[in-house]
Amino acid sequence: MSHAVRRAVQAARPEHTTPAAQAQPAEPAYQGLVTRSIAFAVDAAIINLVAMVVAIAVGLAVSVLPLPNSLDPVLVSLGGLAYLLWSTGYFVVFWSSTGETPGDRLMHIRVCTADAQQPPTPLRALVRLGALVLAAIPLFAGFLPILVDERRRGLHDMIAGTVVVGVTVATLSSNRGDAEAGRG
Amino acid sequence: MALRPVVGAASLGRRLERHARKAAAAGATEAALAGLDALLVSRLAAEAVDRVVASALARSAVSNALEGPIVEAVARDVVRYAVFDRVTAELVAGDALEEAPRTVMASEAVADLTDAILASGVVEQAVARVLEGPELERVVTSALDSPVMERLVTRVIESQLLDQAVERLLESDELWVLVDEIAQSPAVMDAIAQQSVGFADQVAGGVRARSQNADTWIETRVRRALRRRPASGVHPPEPR
């Protein structure tokens, strides 16, 4: 296990750190495992809450319809597919649009590309979500590089080329100002 | 002895002469006063006085008097004999002070004067001056700081009048209509929403700070266990 972590850390380590790069004062505040876990838990709560409400509503509606029992596996499969689409769309849309899911916004963090500090494209967001699942499969070992990486990147961040940074108060104010200007 | 009748006659003569002189003097005085009264009520006297008052001589005389030391002398006498105090005492003792305001208020001149003042905008200027100036604040501050105001407020609060007023107010339907209107007003709703958002933001801020401290704590120990140097790209939590 520690071998894998070490390899992941070595892969994530920057190749060369030039003096010019060291002199850059505006290095973003990379966010750690606990903060990101809380944000993810909030997102999971939102996703499951919405899914439960929808499932209850659909289940009640279906229960009054005279459908044969043989359709139950189909309905369950459709429900599972809907849940998969809903959860995937949730992360992909939020990451690729603003870089922030509601949980991220609560914790004042956002996902952005490692090079341009911009929200990832939908494809890259989809890759990140897939890599997130992969990182969770080996007992969440794919998240351990966050603890030792210089930029606090997990396996999914390394694969998708993203980082998770803190949102400063100035950025928040700017975003709110843009939103209000858009509404006006 | 032989001269006694002569002396008596002389004495009688003197008494008669004194009586006659007194009677003549009294008659002359009465006649002079009657003449003076007749003169004062006559048209001629009034005309004469008017002419004298309107004449340059009178003006010159008044000017000379005002320029001279008589003014200072009169002022000294007024002070010495407490003229103002005596006049004020008489005014206060009598009905003059009560009657004068009634008479003034009953006259049309007051209404005309009030209309003219209101139309001239003097009231607005005075109110603006009072509100903008420091005098009102000073007066209010001194009034609020005074023990008299404190005692007054205490008496009002302790009095049954306030309890009764509150009781009647609570029983009135208009109050609850007003409360409903205020509670449903956009300003109150916004204030409640902002308070809720502020509280949620405060809680979230606390969670953020603690999670970032936990991040730092965990990473420090993991790096120490792996014998790695502390991360350079990790920033401490931002103060909020």
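Keep in mind it's a predicted model, so treat the numbers as computed, not measured.

Engineer: I keep staring at the overall build of chain A and nothing clicks. Help me out?
Structural biologist: The secondary structure content of chain A amounts to nine helices and two strands. Mapped in sequence order, the helices and strands of chain A form the string α-α-α-α-α-β-α-α-α-β-α. Put simply, chain A has 184 residues, and 28% of those count as buried. Pairs at least 24 apart in sequence give 72% of the contacts found in chain A among residues at least 6 apart.

Engineer: Would you explain the overall build of chain B in this entry?
Structural biologist: Per the secondary structure count, chain B includes 13 helices and zero strands. Ordered by position in the sequence, the α and β elements of chain B form the string α-α-α-α-α-α-α-α-α-α-α-α-α.

Engineer: Help me out: how do you make sense of the packing of helix α3 (residues 33-63) of chain A against helix α13 (residues 186-226) of chain B in this one?
Structural biologist: Two quantities define a packed helix pair, namely the angle between the axes and the distance from one axis to the other. Two numbers describe how α3(A) lies on α13(B): the axes approach to 7 Å, and their chain directions differ by 135°. One element, α3(A), and the other, α13(B), form an angle in the oblique class. On α13(B), the residues touching Leu33(A), Val34(A), Thr35(A) and Ile38(A) of α3(A) are Val207(B), Ser211(B), Gln212(B), Ala214(B), Asp215(B) and Ile218(B).

Engineer: Is there a simple way to think about the pairing of strand β2 (residues 162-166) of chain A in this case?
Structural biologist: Put simply, side chains in a regular strand alternate between the two faces of the sheet. Residue and element names in this part refer to chain A. Most of β2 is tucked away: four of the five residues are buried. Here strand β1 (residues 109-113) pairs with β2 via five bridges, running antiparallel. Counted as the bridge partner of Thr113 is Thr162 from β2.

Engineer: Help me understand the packing of helix α4 (residues 72-97) of chain A against helix α6 (residues 122-136) of chain A in this model?
Structural biologist: Residues and elements named next belong to chain A. Orientation of α4 relative to α6, taken along the N-to-C sense of each, is 130°, at an axis distance of 9 Å. As far as their axial angle goes, α6 and α4 are oblique. Here the hand of the crossing between α4 and α6 comes out right-handed. Only Pro122, Ala125, Leu126, Arg128 and Leu129 of α6 make contact with α4, whose side of the interface consists of Thr88, Phe91, Val92, Trp95 and Ser96. A per-class count over the contact of α4 with α6 returns seven nonpolar, two polar and one charged.

Engineer: Before we go on, may I ask you to explain the nonpolar core in this structure?
Structural biologist: One broad rule of soluble globular proteins: the nonpolar side chains tend to lie buried together. All names here are of chain A. Of all hydrophobic cores here, the largest spans 21 residues; its most connected members are Tyr30, Trp95, Ile109, Leu147, Val164 and Val165. Sorting elements by how many residues they give to this core places α3 first, with four residues. Setting aside residues up to four positions removed in sequence, Val165 forms contacts with Pro28, Ala29, Tyr30, Gln31, Ile109, Arg110 and Cys112.

Engineer: Any chance you could explain unusual backbone geometry here in plain terms?
Structural biologist: Excluding glycine, most residues fall at negative phi; most peptide bonds, likewise, are trans. Positive phi outside glycine occurs at Arg152(A), with the angle close to 55°. Look at Arg152(A) and you get buried, because 26 C-beta atoms sit within 10 Å. Positioned with a positive phi, Ala82(B) is a non-glycine residue whose angle comes to about 55°. Along the polypeptide, Ala82(B) turns up in the loop between α4 (70-80) and α5 (83-93). The class of Ala82(B) is exposed, set by 11 C-beta atoms lying within 10 Å.

Engineer: Please clarify how the confidence of the model for chain B should be interpreted in this entry.
Structural biologist: Fine structural detail should not be taken from predicted coordinates in areas where pLDDT scores are low. All names here are of chain B. With 95% of its residues at a pLDDT of 70 or more, chain B has an overall mean of 83. Across chain B, element-level confidence peaks in α13 with a mean pLDDT of 90 and bottoms out in helix α6 (residues 96-106) with 75. Prediction confidence for the complex, expressed as pTM and ipTM, is 0.51 and 0.73 respectively.

Engineer: Could you clarify how one ought to interpret the environment of Ala45(B) in this entry?
Structural biologist: Its place among the elements puts Ala45(B) in helix α2 (residues 43-54). Beyond its immediate chain neighbours, meaning those up to four positions away, Ala45(B) contacts Leu39(B) and Leu40(B).

Engineer: Can you help me understand α3(A) in this one?
Structural biologist: Think of an α-helix as 3.6 residues a turn; residues three or four steps apart then line up on the same face. With 31 residues, α3(A) ought to run about 45 Å at 1.5 Å a step, and its terminal C-alpha atoms sit 43 Å apart, in line with that. Turning to α3(A), its buried residues number three or more, namely Leu33(A), Val34(A), Thr35(A), Arg36(A), Ile38(A) and Ala39(A). If you follow the buried residues of α3(A), they end up packed against α5 (102-107), β1, α7 (145-148) and β2 of chain A together with α13 of chain B.

Engineer: Would you mind showing me how to read the confidence of the model for chain A here?
Structural biologist: Looking at chain A, the pLDDT average stands at 84 and 77% of residues meet or exceed 70. Within the model, the stretch residues 14-23 of chain A combines pLDDT values under 50 with two contacts to residues more than four positions away or in other chains.

Each value, and the rule that gives it
- Residues numbered from 1 in each chain as written.
- Chains lettered and ligands numbered in written order.
- Predicted model: local features only at pLDDT ≥ 70, side-chain atom pairs only at ≥ 80, totals over all residues.
- Helix = DSSP H or I, 4+ residues; strand = E, 2+ residues; numbered from the N terminus.
- Buried ≥ 20, exposed ≤ 12 C-beta atoms within 10 Å, placed from the backbone.
- Contact = placed C-beta atoms within 7 Å.
- Axes fitted to C-alpha atoms, helices over the stretch in contact; angles between N-to-C directions.
- Parallel < 35°, antiparallel > 145°, perpendicular 65-115°, else oblique.
- Pairing = 2+ DSSP bridges.
- Left-handed = near helix turned anticlockwise from the far one by under 90°.
- Nonpolar A, V, L, I, M, F, W, Y, C, P; charged D, E, K, R; others polar.
- Core = buried A, V, L, I, M, F, W, Y, C linked by C-beta atoms within 7 Å.
- pLDDT = per-residue confidence, 0-100.
- Expected span 1.5 Å × (residues − 1).

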